[in-house]
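Structural features, examined
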Amino acid sequence: MRKLRNDYQGKAVPSRRKIGGYGRKRFTWNVYPKSTLPVFLTVQATSMFPEYDVIVVGAGHAGCEAAAAAANMGSKVLLATMNMNTIAMMSCNPAMGGVAKGQILREIDALGGQSGIIADKSAIQFRMLNRSKGPAMWSPRTQNDRFRFAEEWRWKLEQTPNVDFWQETVTGIVVKDGRAVGVRTGLGIEIPGKTVILTNGTFLNGLIHIGEKRFGGGRTGEKAASGLTEQLVELGFEAGRMKTGTPPRVDGRSLNWSVMEEQAGDENPSKFSYSDETTPLTEQRPCHVTYTNAEVHEILKTGFEKSPMFQGRIKGLGPRYCPSIEDKINRFADKTRHQIFVEPEGWNTVEVYVNGFSSSLPEDVQYKALTKIPGFENAKMFRPGYAIEYDFFPPTQLELTLETKLVKNLYFAGQINGTTGYEEAAGQGIMAAINAHNRVHDKEEIILKRSEAYIGVLIDDLVNKGTNEPYRMFTSRAEYRILLRQDNADLRLTALGHQLGLATDERYNQMRQKDQDIKDLVNQFGQHRLTPDEINPALEELGTSKIKETTRLMNLLKRPQVSFEELADRVPSIGEYLEKYQESTLESALVNVKYQDYIDKEAEMADKMKRLEDLNIPASLDYHEIHGISSEGKQKLSTAKPRTLGQASRISGVSQSDVSVLMMYMNR
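Heads up: these notes are all about the structure in this document. (Residues numbered from 1 in each chain as written. Predicted model: local features only at pLDDT ≥ 70, side-chain atom pairs only at ≥ 80, totals over all residues. Heavy atoms only, no water.)

A word on the environment of Val 365
Threshold: A run of DSSP states H or I qualifies as a helix once it reaches four residues; a run of E qualifies as a strand once it reaches two. Both are numbered from the N-terminal end. Three exposure classes are used, based on accessible area relative to the maximum for each residue type with a 1.4 Å probe and protein chains only: buried under 20%, partly exposed in between, and exposed over 50%. Residue contacts are defined here by distance: any two heavy atoms, one from each residue, within 4.5 Å place the two residues in contact.
By the secondary structure assignment, Val 365 is in helix α10 (residues 363-370). The buried category is assigned to Val 365, whose relative accessible area is 10%. Residues Val 365 and Thr 302, 63 residues apart in the sequence, show an inter-C-alpha distance of 7.6 Å. Each residue touching Val 365, except ones within four places of it in the same chain, is listed here: Ile 299, Leu 300, Thr 302 and Gly 303.

Observations concerning the nonpolar core
For clarity, the threshold we go by: Take the buried Ala, Val, Leu, Ile, Met, Phe, Trp, Tyr and Cys residues and link them wherever side-chain atoms come within 4.5 Å; each set so joined is a nonpolar core.
Ranked by internal contacts, the top residues of the largest apolar core, which has 96 residues, are Val 196, Ile 197, Leu 198, Leu 410, Phe 412, Met 431 and Ile 455. In this structure, Phe 412 is in contact with Leu 198, Leu 232, Phe 237, Phe 393, Leu 398, Leu 402, Thr 404 and Asn 417, ignoring residues within four places of it in sequence. Core analysis: the next-biggest nonpolar cluster, separate from the first, contains 25 residues, Phe 525, Ile 535, Tyr 581 and Ala 589 among them.

Points about the side chain of Glu 168
Quick reminder of the rule: Here a polar contact means two N or O atoms within 3.5 Å. Within protein one must be a hydrogen donor candidate and the other an acceptor candidate, and residues neighboring in sequence count only if both atoms are side-chain atoms.
In this fold, Glu 168 is placed in the loop between β6 (163-167) and β7 (170-176). Here Trp 166 takes part through its side chain, which lies 2.8 Å from a polar atom of the side chain of Glu 168. Ignoring any residue separated from it by four or fewer positions in sequence, one finds Glu 168 in contact with Thr 81, Met 82, Thr 185, Gly 186, Leu 187 and Ile 189.

Quick notes on the pattern of salt bridges
As a reminder, the rule being used: Note on definitions: salt bridges are taken to be side-chain nitrogens of Lys or Arg within 4 Å of carboxyl oxygens of Asp or Glu.
Tallied over the entire structure, the rule returns 36 salt bridges. The partner of Lys 194 in a salt bridge is Asp 53, and the shortest N-O contact between them spans 3.4 Å. Note that Lys 194 is positioned in strand β9 (residues 190-198) and Asp 53 in strand β1 (residues 52-57), a separation of 141 residues in sequence. With relative accessibility at 36%, the residue Lys 194 sits in the partly exposed group. By relative accessible area, Asp 53 is classed as buried at 10%. The partner of Asp 251 in a salt bridge is Arg 253, and the shortest N-O contact between them spans 2.8 Å.

Focus: unusual backbone geometry
Even without glycine at this site, Asn 130 takes up a positive phi of about 65 degrees. The backbone of Lys 641 shows a phi angle near 50 degrees, a positive value even though the residue is not glycine. For Lys 641, the location among the structural elements is in the loop between α21 (631-640) and α22 (645-649).

Things to note about the side chain of Ser 275
Note that Ser 275 resides in the loop between β14 (261-263) and β15 (287-291). At a separation of 2.9 Å, a polar atom in the side chain of Ser 275 contacts the side chain of Ser 273.

Observations concerning the pairing of β9
To keep it simple, the criterion reads: Paired strands, in this sense, are two strands between which DSSP finds at least two bridges.
Burial within β9 is extensive, with seven of its nine residues counted as buried. Across five bridges, the pairing between β1 and β9 is parallel. Bridge assignment links Val 56 to a residue of β9, and that residue is Ile 197. As paired elements, strand β8 (residues 179-185) and β9 share three bridges and run antiparallel to each other. Following the sheet pairing, Gly 182 is matched in β9 by Pro 192. Two successive antiparallel strands, β8 and β9, enclose a turn made up of four residues, where Gly 188 displays a positive phi of approximately 85 degrees. Pairing of β9 with strand β20 (residues 410-412), which is carried by three bridges, proceeds in the parallel orientation. Residue Ile 197 lies in a different strand from β20, and its bridge partner there is Tyr 411.

Thoughts on helix α18 (residues 572-580)
Note the following rule: Relevant arc is that of directions from the helix axis to the C-beta atoms, nothing else.
By the burial criterion, the buried members of α18 are Ile 574, Gly 575 and Tyr 577. Within α18, the buried residues cover an arc of 135 degrees as seen down the axis, which keeps them to one side. For α18, the exposed residues set more than 90 degrees away from the buried face come down to Pro 572, Glu 579 and Lys 580. On its buried face, α18 is in contact with α14 (505-527), β21 (529-530), α15 (532-541), α16 (553-557), α17 (564-570) and α19 (583-594).

Section: the pairing of strand β16 (residues 339-344)
Two elements, β15 and β16, share four bridges in a ladder whose sense is antiparallel. Along β16, the bridge assignment pairs Val 289 with Phe 341.

Topic: the packing of aromatic side chains
Using the following cut-off: Only rings of Phe, Tyr and Trp enter the pairing, Trp through its six-membered ring, and a pair is recorded when the two centres are within 6.5 Å. The plane angle decides the type: under 30 degrees is stacked, over 60 is edge-to-face, the rest tilted. Two conditions define a charge sitting above a ring: the NZ of Lys or the CZ of Arg must be within 6 Å of the ring centre, and it must be within 35 degrees of the ring normal.
Applying the stated criterion to the full structure yields nine aromatic pairs. Both rings, one in Phe 525 and one in Tyr 577, keep their centres 5.3 Å apart while their planes meet at 70 degrees; by these two values the pair is edge-to-face. Note that Phe 525 is positioned in helix α14 and Tyr 577 in helix α18, a separation of 52 residues in sequence. Note on Phe 525: relative accessible area 0%, which makes it buried. For Tyr 577, a relative accessible area of 7% corresponds to the buried category. Taken together, the ring pairs in this structure connect Phe 237, Phe 393 and Phe 412 into an aromatic cluster. Here the basic side chain of Arg 106 rests over the ring of Tyr 274, its NZ or CZ set 5.5 Å away from the ring centre.

With respect to the sheet that holds strand β18 (residues 381-383)
For clarity, the threshold we go by: Every angle, taken between N-to-C directions, lies between 0 and 180 degrees, and every axis is a line fitted to C-alpha atoms, over only the stretch in contact when it is a helix.
With antiparallel pairing, the six strands of this open sheet are ordered in space as β14-β15-β16-β17-β13-β18. Strands at the two margins of the open sheet, each flanked by one partner only, are β14 and β18. Each strand of the sheet is rotated relative to its neighbour by a mean of 35 degrees, with strand direction disregarded. In this sheet, β18 lies alongside strand β13 (residues 249-251) in antiparallel orientation, the contact comprising two bridges. By the bridge assignment, Val 250 is partnered in β18 with Met 381. Contacting β13, β17 (351-355) and β18, α10 runs over the sheet at an angle of about 145 degrees to β18.

Here we look at the packing of helix α4 (residues 101-111) against helix α13 (residues 489-500)
Note the threshold: Crossing chirality is assigned from the near helix's rotation relative to the far helix, an anticlockwise turn below a right angle marking it left-handed and a clockwise turn marking it right-handed. Residues are sorted three ways: Asp, Glu, Lys and Arg are charged, Ala, Val, Leu, Ile, Met, Phe, Trp, Tyr, Cys and Pro are nonpolar, and all the rest, Gly among them, are polar.
One way to put it is that α4 packs onto α13 with a least axis distance of 7 Å and a crossing angle of 35 degrees. Once α4 is placed against α13, the crossing between them reads as right-handed. Across the interface between the two elements, Arg 106, Glu 107, Ala 110 and Leu 111 from α4 touch Ala 489, Asp 490, Arg 492, Leu 493, Thr 494, Leu 496 and Gly 497 from α13. Its residues assigned to classes, the contact of α4 with α13 shows five nonpolar, two polar and four charged.

In short, shape yes, function no, at least from these values alone.
Here it is in structure tokens:
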């Protein structure tokens, strides 16, 4: 459409000429003299836009993180969204972090991303989960103000000089010679870009279900996006359908809080970000816990005949680890109750999120069942829960950089890859942005290994194993989780973030100082000696054996019954450490001491695996010519085209014997 006015002034325009590209209607034009050429023809000229380095489609958690990261690295970025008023909307629960997800947020922050900072600024409660377990399981989580979270993200993006915005539906990718060179919008506007990142969330042909009712939408009150899926399928991509859901929202003024269990935040709350830009909360709002019962379950069952899930109207697979309430009582029929978390949506709102009661049953059934939950007897519902189906693209069609294999310079991040959760989306967003920026500026690609970050585990799982249900991160997915703790994400990744231009000099220097302080502390623990008279009363109180001779503090800290805090409360010379060092530094040093043997063992395993990772497989290798590899292995390897032997070893359907044969073949 470039120079359209000049090309067609005073000329006959061919009838039914297709303009606007893929998925646009055909228009029949007449002959117009120069003075009467329709104005709408000139609106579609690409000259109104520069050529962007990175175009990000979608302003959810993946899109916001991608736009901020690429811009902060120096790329000129366009963030295209259907509605600028819903940037960074928390579509589901108003919370960030949690088991393994909190580790991902810490990693994003360590790299120089923004999600941890935004979570801190909008937090209304902070909790460190799994404190009763080992440090590999400790996971930070915040309850957040939904409105402030979105406001902080928009403000952050608007204050980023390299980010431009465009409010409109993107209906297609402009592809030339197998490369993405821009996007096409619903108005037929082509916006040029050197790379494109798709972060469409649940909007691709989204379909909302409430009982027997169903209607198009990517989120309640917002329309679905069409056109992109159809074009990508034409280009050769495989697409599928997934399902997720959300619970009702209720009026907190109508609840009886006194009969519920209060769930307060930590007494001494921490925060996500390692930077000084945020501070821990000084005031917190409590959450509450209540439970369903047999009566609730019986009422819910009356709606099963109208359930879109049980009647087969929903085709997409839902999240295994966050099922709807009707799915729970159907799958776990022996359970007489299920936990319900009652979560405030913000500081200054009465709206409450009923976590654990996700449902697509008819709204009247939802409401009747809700009122039988203790504390909800007089509940007023703001809106019912619903299920939503949407398109996704199996992530085995991606490189580990999140670039698609079929179209160069095109990247996918977030729920389009089959994941669920804000944190998984944001982790993909920052990595897609890093690699898109580096592609534009002729820099090397960045791929995090499984031993380096949960983000590396996430992407490796998606690309090599794929997923046929919404993927959710757990600590159990990481074989090196004692190395990938929430307390040491900065030590693992800030140097890389600084090298990339994301983490500031200040953040880098803080990390180096923390690293040195940890080493000094561990050294002091090894030198600090305690006499029996000095320490035995404390050891007796803690239920561990006394010492008979002077012993180093390090040896005592390795005992499972001994915690540093309790020793510090009882022994003045130990308590002095609390005054000298920051709490996060002390925590990391103590973990290093107490779990040193486990850390060393995992580090050794990671080093052995690295040798496999470093064995590159030629792209031209024909697996069908290698004798000894199973038929399934040949098929999977030929389709996935792994870059390294380590990557090949994690492809579903490729056995260890296949890997051994491949290794011997490569050695020859």
